[in-house]
Amino acid sequence: METIAVYWEQPIKTYGFQKVTDLVLIEFSYPLKEIISLGRTLSRDALQMVKAEFIIAQEFGEMISVTLCLSEKEYGDFWVSLAQAPGSTPCEYTYPVGIIYFHGPHFGDRYGIAEASFSALSQADIEIVASGCSASSVFVVLAQDDIARAENVLSHTFEVAK
Amino acid sequence: MWPLSLYGTDTMEKLKVGGLRQSLELCKFDLRGPESSDGILANVSRILASQKSNIAFLTYKGNKDKCCQLSFCLNQDLFPRASKILNKGLRLPTVWEIESREHVGMITVFPRHSAIIILGVVMASWGAESIPIYGIATSLSAVSFITDYRIMDKAVEVVQDSLQLPRNRAPIKPELQYYQSEVIKRNKR
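This structure is a prediction, so every number in the text was calculated from the model and none was measured.

Rules used throughout
Note on numbering: residues in each chain are counted from 1, in written sequence order. Written order determines the labels here, with chains lettered from A and ligands numbered from 1. Confidence filtering applies because this is a predicted model: local features only for residues at pLDDT of at least 70, side-chain atom pairs given and counted only at 80 or more, and all residues used for totals across whole chains, interfaces and linings. The split into domains, and so the bounds of each, comes from an automatic or database assignment of domains. Here the contact rule is simple: place C-beta atoms from the backbone, and any two residues whose C-beta atoms are within 7 Å are in contact. Secondary structure elements follow DSSP: runs of H or I no shorter than four residues count as helices, runs of E no shorter than two count as strands, and numbering proceeds from the N terminus. Gly falls in the polar group here, along with every residue not listed as nonpolar (Ala, Val, Leu, Ile, Met, Phe, Trp, Tyr, Cys, Pro) or charged (Asp, Glu, Lys, Arg). Residues are called buried when their C-beta atom has 20 or more other C-beta atoms within 10 Å, exposed when it has 12 or fewer, and partly exposed otherwise; all C-beta atoms are positioned from the backbone. At least two bridges found by DSSP between two strands are what make those strands a pair. Here a nonpolar core is just a set of buried residues of the types Ala, Val, Leu, Ile, Met, Phe, Trp, Tyr and Cys, joined wherever their C-beta atoms sit within 7 Å. To obtain an axis, a line is fitted to C-alpha atoms, over the contacting stretch when the element is a helix, and the angle between two such axes runs from 0 to 180 degrees between their N-to-C directions. Between 65 and 115 degrees an angle is taken as roughly perpendicular, under 35 as roughly parallel, over 145 as roughly antiparallel, and anywhere else as oblique. Take the far helix as your reference; a near helix turned counterclockwise from it by less than a right angle gives a left-handed crossing, and one turned clockwise gives a right-handed crossing. On a range of 0 to 100, pLDDT expresses the predictor's confidence in each residue.

Asks: Help me understand the domain arrangement of chain B, please; the structure alone is not making it clear to me.
Replies: Accessible area lost upon the coming together of the parts is a frequently used measure of interface size. All names here are of chain B. Split by domain assignment, chain B resolves into domain 1 (16-23 + 103-162) and domain 2 (27-102). Using C-alpha coordinates to define each centre, domain 1 is positioned 23 Å away from domain 2. Listed by partner, the interface residues are nine residues for domain 1 and ten residues for domain 2. Looking at the side of domain 1 that touches domain 2, the elements with two or more residues in it are strand 5 (97-110), strand 6 (135-138) and strand 7 (143-148). Element by element, the count of residues in the side of domain 1 that touches domain 2 is highest for strand 5, at three residues. Among the residues making up the side of domain 1 that touches domain 2, the classes are represented as five nonpolar, four polar and no charged.

The structure is reproduced here in structure tokens:
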């Protein structure tokens, strides 16, 4: 049995844009063969209260690169913990950055959502520092000065459901 | 010191989470270059959208002066077509590399409170069982991990042993694959 459900909207609807600013973007790499020790470091109770607004990790070769955004205050706690992990490359950080994120109906099941987001930002010459899309969410990390402009651009690209 | 809580001894509790979700079979592409290529995100997403290819998972890290990487996952059945398009239709600078991996799957842990701890527990427990991690991303309410599709059940079991899930709640497994069609059915009168 085949069931066809049609869901099409123009413009694409979203439930609204959320922003978080004054964040530190942290990036470090770690050998994949040592991932157990990185896992042990990150699962320490000391980090239980550290709230990461954004995390992505990418494999490349024998390494895994981790990128996350923390508040300026929590960055210190995280750095101290990470410094105890053997094998980690030095942390690189960028400050200040902001995140704009949004989600919408069946975003994870539909094509064209990423294209609408990234094309709009590219056409506005807004440089994307990092991004993560999974489930029904789109997260975009930008230089803090670009956040307001990005919200304006995305607001004209998507329709906020009322 | 290895935190006891990871092994769920009597003395410490495991981290409580709400549930797990497994994806259908996916494939993964990694595009990597020495510096940001203008509009790579827009270009790749435009090409995929033109082929009606849904991106199930995407991570991007750009850097003006250093390496830049775009990784994304599509349904496994799109692998041949996407490979062809990305290798021939995408005009990347010659120094950029494209790597691909078939038969991957995504395991999502929700909600994502204590995301760093969840990350650490999964890294440590999967690492101990030689279960690979190919990518990670947080979303609004969850943390998603990309691993080998052929050992997804084992990966789920390890997560279930390492985190505390609600009793009698099995991981959500998808039974339907969604395709967005351009077919529009209008009401007949």
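Asks: How do you make sense of the pairing of strand 7 of chain B when you look at a structure like this?
Replies: All names here are of chain B. Burial analysis of strand 7 places five of its six residues in the buried class, which makes it a mostly covered element. Pairing geometry for strand 5 and strand 7, over six bridges, is antiparallel. Of the residues in strand 7, the one forming a bridge with Thr108 is Ser144. Counted along the chain from strand 6 to the antiparallel partner strand 7, the turn is four residues long.

Asks: Just checking my understanding: could you explain the interface of chain A and chain B for this structure?
Replies: Listed per partner, the contact involves 49 residues of chain A and 52 residues of chain B. Elements with a minimum of two residues in the side of chain A that touches chain B: helix 1 (35-42), strand 3 (54-60), strand 4 (63-71), strand 5 (92-103), helix 3 (113-123) and strand 6 (128-134) of chain A. The class makeup of the residues in the side of chain A that touches chain B is 25 nonpolar, 16 polar and eight charged. Here five bridges tie strand 6 of chain A to strand 3 (residues 57-61) of chain B, and the two strands are oriented antiparallel to one another. From the neighbouring strand, Ser134(A) faces strand 3 of chain B, where its bridge partner is Phe57(B).

Asks: For this particular structure, what's the right way to read the nonpolar core?
Replies: Note on soluble globular proteins: their nonpolar side chains tend to be buried together. Ranked by size, the top nonpolar core spans 96 residues in total, and within it Cys69(A), Leu70(A), Val140(A), Val141(A), Phe57(B), Cys73(B) and Leu119(B) carry the most contacts. The greatest single-element share of this core, amounting to ten residues, is contributed by helix 3 (residues 115-128) of chain B. When neighbours within four sequence positions are excluded, Leu119(B) is seen to be in contact with Leu42(A), Ile55(A), Ile136(B) and Val143(B).

Asks: When you look at helix 1 (residues 40-50) of chain B in this model, what are you seeing that I'm missing?
Replies: For an α-helix, the turn length of 3.6 residues means that residues three or four places apart are oriented alike. All buried positions along helix 1 of chain B are accounted for by Ile40(B), Leu41(B), Ala42(B), Asn43(B), Val44(B), Ser45(B) and Leu48(B). On its buried face, helix 1 of chain B is in contact with helix 3 and strand 6 of chain A together with strand 2 (26-33), strand 3 and strand 4 (68-75) of chain B. Immediately downstream of helix 1 of chain B, the backbone of Lys52(B) shows phi near 60 degrees, a positive value.

Asks: Is there a simple way to think about the packing of helix 3 of chain A against helix 4 (residues 147-157) of chain A in this case?
Replies: The packing of two helices is summarised by the inter-axis angle and the distance between the axes. Residue and element names in this part refer to chain A. Contact geometry of helix 3 with helix 4 gives a least axis separation of 9 Å together with a crossing angle of 130 degrees. When the axis of helix 3 is compared with that of helix 4, the two are oblique. In this structure, helix 3 crosses over helix 4, and the sense of that crossing is right-handed. Contacts between helix 3 and helix 4 involve Ala116, Ser117, Ala120 and Leu121 on the former and, on the latter, Ala150, Val153, Leu154 and Thr157.

Asks: It is not clear to me how the confidence of the model for chain B should be interpreted in this structure. Could you clarify?
Replies: Caution applies to low-pLDDT regions: their predicted coordinates should not be interpreted in detail. All names here are of chain B. On average, residues of chain B score 84 in pLDDT, and 83% of them are at 70 or above. The secondary structure element of chain B with the lowest average pLDDT is helix 2 (residues 79-89), at 89, and the one with the highest is strand 7, at 97. The low-confidence segment residues 1-11, where pLDDT is below 50, has 17 contacts with residues more than four positions distant or belonging to other chains. Prediction confidence for the complex, expressed as pTM and ipTM, is 0.89 and 0.91 respectively.

Asks: Honestly, the domain arrangement of chain A in this entry has me stumped. Any pointers?
Replies: Residues and elements named next belong to chain A. For chain A, the domain assignment lists domain 1 (13-19 + 96-160) and domain 2 (24-93). Between the C-alpha centres of domain 1 and domain 2 there is a distance of 25 Å. For the side of domain 1 that touches domain 2, the secondary structure elements donating two or more residues are strand 5, strand 6 and strand 7 (137-143). Looking at side-chain class alone, the side of domain 1 that touches domain 2 contains six nonpolar, one polar and no charged residues.

Asks: Can you walk me through the pairing of strand 2 (residues 17-31) of chain A in this structure?
Replies: Residues in a regular strand project their side chains so that they alternate between the two faces of the sheet. Bridge analysis of strand 2 of chain A against strand 5 of chain A gives eight bridges, and the strand direction is antiparallel. Note that in strand 5 of chain A the partner of Leu25(A) across the bridge is Thr94(A).

Asks: Mind showing me how you'd approach the environment of Ser155(A) here?
Replies: Residue and element names in this part refer to chain A. As for its position among the elements, Ser155 is in helix 4. Residue Ser155 is classed as partly exposed on the basis of its 15 C-beta neighbours within 10 Å. In sequence terms Ser155 and Gly108 are 47 residues apart; their C-alpha atoms lie 20 Å from each other. Filtering out sequence-adjacent residues up to four positions away, Ser155 remains in contact with Phe17 and Val160.

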